[in-house]
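Chain by chain, the residues run as shown.
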Amino acid sequence: KNQVEQSPQSLIILEGKNCTLQCNYTVSPFSNLRWYKQDTGRGPVSLTIMTFSENTKSNGRYTATLDADTKQSSLHITASQLSDSASYICVVSLSGAGSYQLTFGKGTKLSVIP
Amino acid sequence: DGGITQSPKYLFRKEGQNVTLSCEQNLNHDAMYWYRQDPGQGLRLIYYSQIVNDFQKGDIAEGYSVSREKKESFPLTVTSAQKNPTAFYLCASSIGGTHARNTEAFFGQGTRLTVV
C-alpha cells in the first residue's frame, strides 16, 4: 500500500531556531515528492518539488532533501519566524498508470513561539 | 489575479440536503481535483477531471458528484448519501496530470462544510 509517513506529528520551537521535519514514503513507482505549507483554515501552498534525480532543493529559508534509495525526505527550516507556524505536508506522486493521484502525509504541525 | 477560487468559505447544511461547492480557476489548467481533509488525516481524493466533460472517481467518491462543463469550473455536490460530510474541502488544479515532472498543483483556500 502506498503510504507517506511524517514525523514528528507536532513540534514547538523558539523563534530564530532551526528545525527539520521528516518524511518516509513507500509510494512506488515514484515520480516526484513535494512539500506544502498549510496555514490553519487555508489551502496548501507549494514549497518545493523534487524528482528522483534531485537530492536537494531550496526555497528561501526552506531546504528539502531527498534520498530516493532509502525513500526519505526532510524539510529544513532555517532561522524560523512566527509566520512559519503552520502544517507542513509531504506529498508523493505516482508515475505510470496511477499518475493522476498524489499520496499525502498527515502533516507536521509546527508552532514557532517568541 | 490568476488563481483558483473556492466559494463559499463556510457552508452549513441540514441533514438530508444536497449542497454544491464552487471551484473556479483562471489559470488555463486542464486538470482539476477535489480533496477532502479531516483532522489528523492526509488529504483524500474525491474526484478529478483531466479535460472538459470528463471526470474520474477518486478514493472516496461515494456520496459526491461533480461536473466539468467548462474548463474553468469544477463544482462538487455533496449529496444526502454522504453520511459524514462535515470536513474541509479543497479544490486544486494543474496544467497536466500531477505525474508530470515538476507539474505544480495549485490549491484553493477551501470550503468548510458543517452539517447541522
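Summarised in this report is the structure supplied together with it. In this text the structure is predicted, and so the values were computed from the model without any measurement.

What follows covers the overall build of chain A. On a plain count of helices and strands, chain A comes out with zero helices and 11 strands. For chain A, the α and β elements follow one another from N to C terminus as β-β-β-β-β-β-β-β-β-β-β. Per-residue burial for chain A yields a buried fraction of 45% across its 114 residues. For chain A, long-range pairs separated by at least 24 residues make up 56% of all intrachain contacts whose partners lie at least 6 apart in sequence. Summed over all atoms, the accessible surface of chain A reaches about 5,300 Å², with 49% contributed by carbon and sulfur. Treating the 10 positive side-chain charges of chain A as one cloud and the 7 negative ones as another, the clouds have centres 6 Å apart.

Turning to the packing of aromatic side chains, a few remarks are in order. For any two aromatic rings, the description comes down to two numbers: the centre-to-centre distance and the angle of the planes. Applying the stated criterion across every chain yields a total of 10 aromatic pairs over all chains. Here Tyr25 of chain A and Phe30 of chain A contribute two aromatic rings whose centre-to-centre distance is 5.1 Å and whose plane-to-plane angle is 20°, an arrangement assigned as stacked. The class for Phe30 of chain A is buried, based on a relative accessible area of 16%. Consider the rings of Tyr35 of chain B and Phe107 of chain B, whose centres lie 5.9 Å apart with planes at 40°: the pair is tilted. Residue Tyr35 of chain B is located in strand S4 (residues 31-37), and its partner Phe107 of chain B is located in strand S10 (residues 105-107); the two are separated by 72 residues in the primary sequence. Residue classification places Tyr35 of chain B among the buried residues on the basis of a relative accessible area of 1%.

All names here are of chain A. Under the criterion given, the structure shown has two disulfides over all chains. The disulfide bridge from Cys23 ends at Cys90, spanning 2.0 Å between sulfur atoms. Here the S-S torsion is close to -70°, and the disulfide linking Cys23 with Cys90 is therefore left-handed. Of the two residues, Cys23 sits in strand S3 (residues 19-25) while Cys90 sits in strand S9 (residues 86-94), which places them 67 residues apart along the sequence.

Turning our attention to the environment of Leu45 of chain B. Here Leu45 of chain B lies in strand S5 (residues 44-51). Exposure remark for Leu45 of chain B: the relative accessible area of 3% places this residue in the buried category. On a C-alpha basis, the gap between Leu45 of chain B and Lys83 of chain B in space is 17 Å, while along the polypeptide they are 38 residues apart. When sequence neighbours within four positions are dropped, the list of residues in contact with Leu45 of chain B reads Gln101 of chain A together with Tyr33, Trp34, Tyr35, Gly58, Asp59 and Ile60 of chain B.

Each value, and the rule that gives it
- Numbers given to residues run from 1 along each chain, matching the order in which its sequence is written.
- The naming scheme follows written order: chains are lettered A onward, ligands numbered 1 onward.
- Reporting of local features is limited, given that this is a predicted model, to residues whose pLDDT is at least 70; pairs of side-chain atoms are given and counted only at 80 or more, and all residues count toward the totals for whole chains, interfaces and linings.
- Heavy atoms throughout the structure, all of them, feed into the side-chain values; hydrogens and water do not.
- Secondary structure elements are taken from DSSP: a helix is a run of H or I of four residues or more, a strand is a run of E of two residues or more, and numbering for both begins at the N terminus.
- Categorising residues by exposure relies on relative accessible area from a 1.4 Å probe, with only protein chains included: less than 20% of the type maximum marks a residue as buried, more than 50% marks it as exposed, and the intermediate range marks it as partly exposed.
- Here a residue-residue contact requires only that any non-hydrogen atoms of the pair lie within 4.5 Å.
- The Shrake-Rupley method, run with a 1.4 Å probe, gives the accessible areas here. Residue values count only the displayed protein chains as cover.
- When charges are counted, neither His nor the chain ends are considered; positive counts come from Lys and Arg and negative counts from Asp and Glu.
- Where a charge lies is defined by one atom per residue type, namely NZ (Lys), CZ (Arg), CG (Asp) and CD (Glu).
- Two rings belonging to Phe, Tyr or Trp (six-membered ring only in the last case) form a pair when the distance between their centres is within 6.5 Å. Interplanar angles under 30 degrees mark stacking, angles over 60 mark edge-to-face geometry, and anything in between is tilted.
- In this description, a disulfide is simply a cysteine sulfur pair whose atoms lie within 2.5 Å.

Bear in mind that shape data such as this cannot, by itself, settle questions of function.
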